[in-house]
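Observations on the model geometry
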Amino acid sequence: EYPFGCNDELEDKQAFHCNKDGGCSYSASASEAAPPGWCTYKRVEPLLVVDGCEAVCDGGGGAYPFGCNDGLDTMTTFACAGGGGCWYSADDTVAPPEGFCTYKTVDPTELESCSEYCLGEYPFGCNDELEDKQAFHCNKDGGCSYSASASEAAPPGWCTYKRVEPLLVVDGCEAVCDGGGGAYPFGCNDGLDTMTTFACAGGGGCWYSADDTVAPPEGFCTYKTVDPTELESCSEYCLGEYPFGCN
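Right, let's walk through the structure included here. (Residues numbered from 1 in each chain as written. Predicted model: local features only at pLDDT ≥ 70, side-chain atom pairs only at ≥ 80, totals over all residues. Heavy atoms only, no water.)

This part is about the overall build of the chain. Scanning the chain for helices and strands turns up one helix and twelve strands. In the chain, which comprises 247 residues, the proportion classed as buried is 46%. In the chain, 52% of the contacts between residues at least 6 apart in sequence involve partners at least 24 apart. On the chain, roughly 11800 Å² of surface is accessible, and the fraction owed to carbon and sulfur atoms is 49%. (Helix = DSSP H or I, 4+ residues; strand = E, 2+ residues; numbered from the N terminus. Buried < 20%, exposed > 50% of the residue type's maximum accessible area, 1.4 Å probe, protein only. Contact = heavy atoms within 4.5 Å. Areas by Shrake-Rupley, 256 points an atom, 1.4 Å probe, with all protein chains shown as cover.)

Below is the structure:
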């Protein structure tokens, strides 16, 4: 039984795995998948803090901004997670999802207003309805620029006057996610054995949840779901009882 002869309390570990031979394995990142032939019996979600994300996020070599973006001009909260996950929000009252660490915050009163930067009034002589675009930018010379991804930053010298968040759907994430060359699983993981919901976003963002009743954050697209009744139990897979003969 749990913890299957293994350890379920190690200060620097966030994922705990066992195998059918009584082996134990531990990972520093909560989002790291179990090694082939192993089962994850516990995950520890990191605390959400503005500083110290080096201990949580491994994108970009574990250095700020952790493989994520820190220049999205309408966003106020920037968060990262193990496995290269990125999350952004324009609402400073919304906390990042579980397991994400906030590496940058912006006072919403400091966000640039396109009305003060671009010519005329909204939409500043540009288009605000394009079927295949999710971010709309203008510049002080009357120029217009559009991006396919809602999380893409405005080009240098441009201001984003509109973002369209994509619908959250299981299929069709190719139009939303650009990680991994825009092909499944979009630079994310599809083999985390205790997770039921797998989602991605533009800019290489990844999000996972073990609770199938929790929806991904705004702007994320669900590329895989797992029936929680189908998740493998370590008790049925590893030798003995928890912690499975491991530490």
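Applying the stated criterion across every chain yields a total of eight disulfides. Covalent S-S linkage joins Cys53 and Cys101, the inter-sulfur distance amounting to 2.1 Å. With the S-S dihedral at roughly -85°, the linkage between Cys53 and Cys101 falls on the left-handed side. Here the residue Cys53 occupies a position in the loop between strand 3 (38–43) and strand 4 (77–81), and Cys101 occupies one in strand 6 (residues 101–105), the gap between them amounting to 48 residues. Considered together, Cys53 and Cys101 belong to a single accessibility category, that of buried residues. Here Cys177 is linked by a disulfide to Cys200, with a sulfur-sulfur distance of 2.0 Å. Between Cys177 and Cys200, the disulfide has an S-S torsion of 85° and is therefore right-handed. Linking Cys177 in the loop between strand 9 (158–163) and strand 10 (197–201) with Cys200 in strand 10, this pair joins segments that are 23 residues apart in sequence. Accessibility expressed as a relative area gives 2% for Cys177, which makes it buried. (Disulfide = S-S within 2.5 Å.)

Once that is clear, we can look at the sheet that holds strand 8 (residues 144–147). Pairing is antiparallel across the open sheet formed by three strands, whose spatial order is 8-7-9. The outermost strands of the open sheet, each flanked by one partner alone, are strand 8 and strand 9. For this sheet the average axis-to-axis angle between neighbouring strands, irrespective of direction, equals 25°. The sheet contact formed by strand 7 (residues 135–139) and strand 9 spans five bridges and is antiparallel. Looking at the pairing, Cys138 lines up with Cys159 of strand 9. (Pairing = 2+ DSSP bridges. Axes fitted to C-alpha atoms, helices over the stretch in contact; angles between N-to-C directions.)

Pro3 follows Tyr2 through a cis peptide bond whose omega is 10°. With respect to the helices and strands, the residue Pro3 is situated in the segment before strand 1 (15–19). Cis geometry is adopted by the peptide bond preceding Pro123, which originates at Tyr122 and carries an omega value of 5°.

Position of Thr160 among the secondary structure elements: in strand 9. Taking the relative accessible area as the measure of exposure, Thr160 reaches 5% and is therefore buried. A distance of 2.8 Å separates a polar atom in the side chain of Thr160 from a polar atom in the side chain of His137. (Polar contact = N/O pair within 3.5 Å; in protein donor to acceptor, adjacent residues only side chain to side chain.)

The subject of this paragraph is the packing of aromatic side chains. Scanning all chains against the criterion turns up 18 aromatic pairs. A centroid spacing of 5.7 Å and a plane angle of 70° characterise the contact between Phe124 and Tyr161, whose relative ring orientation is edge-to-face. Of this pair, Phe124 sits in the loop between strand 6 and strand 7 while Tyr161 sits in strand 9, and the two are 37 residues apart along the sequence. You'll find Phe124 and Tyr161 in the same group, each marked buried. Both rings, one in Phe186 and one in Tyr223, keep their centres 5.9 Å apart while their planes meet at 70°; by these two values the pair is edge-to-face. (Phe/Tyr/Trp six-rings, centres within 6.5 Å; stacked < 30°, edge-to-face > 60°.)

This part is about the sheet that holds strand 5 (residues 85–89). A sheet is described by the order of its strands in space; here three strands give the open sequence 5-4-6, paired in antiparallel fashion. Each edge of the open sheet carries a strand with a single partner, namely strand 5 and strand 6. Put simply, the sheet's adjacent strands are angled 25° from each other on average, direction ignored. Pairing geometry for strand 4 and strand 5, over five bridges, is antiparallel. Residue pairing in the sheet places Phe78 in a bridge with Tyr88 of strand 5.

What follows covers the nonpolar core. Ranked by size, the top nonpolar core spans 14 residues in total, and within it Cys173, Cys177, Phe198, Cys200, Tyr208 and Tyr223 carry the most contacts. Those elements giving two or more residues to this core turn out to be strand 10, strand 11 (205–209) and strand 12 (221–225). Ranked by size, the runner-up nonpolar core spans 13 residues in total, among them Cys53, Cys80, Cys86 and Tyr103. (Core = buried A, V, L, I, M, F, W, Y, C linked by side-chain atoms within 4.5 Å.)

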